[in-house]
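# Summary of the model geometry
Residue-level listing of the chains:
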Amino acid sequence: MTQQLSSEWRGWISENIARGCTDSSIVASMVHAGIDPALARAAIVTLRLPGHPPLDNLSSQFHTGNSIWTQDHQVQVVMRVSKPCVAVLNNVLTPEECDELIRLSRIKLKRSTIVDPLSGEYRVIEDRSSSGTFFAVNENDFISRLDRRISEVVNWPAENGEGLQILNYQIGGEYKAHFDYFPPDDPGSQPHLNNGGQRVSTLVVYLNDVNDGGETVFPRINLSVCPRKGSAVYFEYCNATGEVDPMTLHGGAPVRAGEKWIATKWMRQSRYGSN
Ligand code: PD2
Ligand code: ZN
């Protein structure tokens, strides 16, 4: 990021923060005026210092606004719930990017696991009947581009992200109701919390259209999101003081016809792994 933000722009951002504008509306206006979105977002974070109204959620990105601008892409907000913070987004990935992720993953799929609540070890269970694989953060130029875009969409640093996980569900494949955060009282959570802290948010991007079934369901808020190629569901479950939100219980419903491919990005409180 070589571009510098002028003092006029910084003053303008401060005024708009003070007026109660959301980050996404400020970024949208700045991008419209030709400012790099990453530069705009970084300045907003710096200028939201004590003295300005605090945010009650992790990210204000999804409170209002119809679009999210990233450096290379415009994402549309289709639906939002504020408590817990859940948003459905269109056009997170292009059809070609979805196809490329599937092509690169198909050859290296392995049965998915969960974290054992007692031992913390990875274990295969019937409740999660998908196959999957991971891409390390910035593994290659293609993955780097997606990691960066996702970080801009969810307004959270790319280095706090786990590697992009790709999952494939065949007919009958599902992931029963679960939490994405590590339950703080489970002994098995501790080794996972030691690297990057708690998970704070999830972005699930649908890589194909599913003929029937495969919705992402949130039973405690009666929400069901149908998979659509390139679209995504985003949700947050950990606030700034580290409290987690059990209202974000969710699952992947059984696929009834066709197959289902998703890419999942989990964000942590702080820098994760060897990023
Ligand atoms: O398959 C899904 O739709 C889904 C939804 C939410 C998968 C996961 N979470 C997950 O793998 O954690
Ligand atoms: Zn999940």
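If you're wondering where the values come from, they're calculated on a predicted model, not measured in any experiment.

The rules we used
Residues numbered from 1 in each chain as written. Chains lettered and ligands numbered in written order. Predicted model: local features only at pLDDT ≥ 70, side-chain atom pairs only at ≥ 80, totals over all residues. Heavy atoms only, no water. Helix = DSSP H or I, 4+ residues; strand = E, 2+ residues; numbered from the N terminus. Buried < 20%, exposed > 50% of the residue type's maximum accessible area, 1.4 Å probe, protein only. Phe/Tyr/Trp six-rings, centres within 6.5 Å; stacked < 30°, edge-to-face > 60°. Lys NZ or Arg CZ within 6 Å of the ring centre and 35° of its normal. Contact = heavy atoms within 4.5 Å. pLDDT = per-residue confidence, 0-100. Axes fitted to C-alpha atoms, helices over the stretch in contact; angles between N-to-C directions. Parallel < 35°, antiparallel > 145°, perpendicular 65-115°, else oblique. Left-handed = near helix turned anticlockwise from the far one by under 90°. Nonpolar A, V, L, I, M, F, W, Y, C, P; charged D, E, K, R; others polar. Donors = N, O, S within 2.8 Å, 3.2 Å for Na, K, Ca; no water. Pairing = 2+ DSSP bridges.

## Topic: the side chain of Thr70
As for its placement among the helices and strands, Thr70 is situated in strand S1 (residues 67-70). Owing to a relative accessible area of 3%, Thr70 belongs among the buried residues under this scheme.

## Observations concerning the packing of aromatic side chains
The full count for this structure, using the stated rule, is five aromatic pairs. A centroid spacing of 5.9 Å and a plane angle of 50° characterise the contact between Tyr181 and Tyr237, whose relative ring orientation is tilted. In this pair, Tyr181 sits in the loop between strand S9 (175-178) and helix H6 (190-193) while Tyr237 sits in the loop between strand S14 (232-236) and strand S15 (250-252), placing the two residues 56 residues apart along the sequence. Across this residue pair, the class does not change: Tyr181 and Tyr237 are buried. Considering the side-chain rings of Phe235 and Tyr237, the 5.8 Å spacing of their centres and the 55° angle between planes classify their relative orientation as tilted. The two residues Phe235 and Tyr237 agree in class, both being buried. Through pairs of rings, three or more aromatic residues link up here, namely Phe179, Tyr181, Phe218, Phe235 and Tyr237. Taking the ring centre of Phe135 as reference, the NZ or CZ of Lys108 above it sits at 4.1 Å.

## Quick notes on the environment of Leu118
If you trace the backbone, Leu118 turns up in the loop between strand S5 (114-115) and strand S6 (122-123). Residues Leu118 and Gln190, spaced 72 residues apart in sequence, show a C-alpha to C-alpha distance of 9.8 Å. Ignoring anything within four residues of it in the chain, the contact list for Leu118 reads Pro187 and Gly188.

## Here we look at the confidence of the model for the chain
Mean pLDDT over the chain works out to 88, with 93% of the residues at or above the 70 mark. Counting contacts from residues 50-58, a segment whose pLDDT is below 50, to residues more than four positions away or on other chains yields 17 contacts.

## Details of the packing of helix H2 (residues 23-32) against helix H3 (residues 37-47)
Closest axis-to-axis distance for the H2/H3 pair is 9 Å, and the angle between their directions is 140°. With respect to their mutual orientation, H2 and H3 come out oblique. Considering only the axes of H2 and H3, their crossing is right-handed. Every residue of H3 that contacts H2 at Asp23, Ile26, Val27, Met30 and Val31 is listed here: Pro37, Ala40, Arg41 and Ile44. When grouped by side-chain class, the residues that make up the contact of H2 with H3 number seven nonpolar, no polar and two charged.

## A few points about the coordination of the zinc ion (ligand 2)
At this site the zinc ion (ligand 2) is bound by His178 (NE2), Asp180 (OD) and His250 (NE2), with donor distances of 2.1 Å. Counting the intervening residues between successive donors of the zinc ion (ligand 2) yields the motif H-x1-D-x69-H. One end of the pair, Asp180, is in the loop between S9 and H6; the other, His250, is in strand S15, and 70 residues separate them in sequence. For the pair Asp180 and His250, one class covers both residues: buried.

## Focus on the sheet that holds strand S17 (residues 260-268)
Strand order across the open sheet formed by nine strands is S1-S2-S3-S14-S10-S17-S8-S7-S4, with antiparallel pairing between neighbours. In this open sheet, the two strands that pair with only one neighbour each are S1 and strand S4 (110-111). In the sheet, strand S10 (residues 199-206) pairs with S17 via seven bridges, with the strands oriented antiparallel. Bridged to Thr202 within S17 is Trp266.

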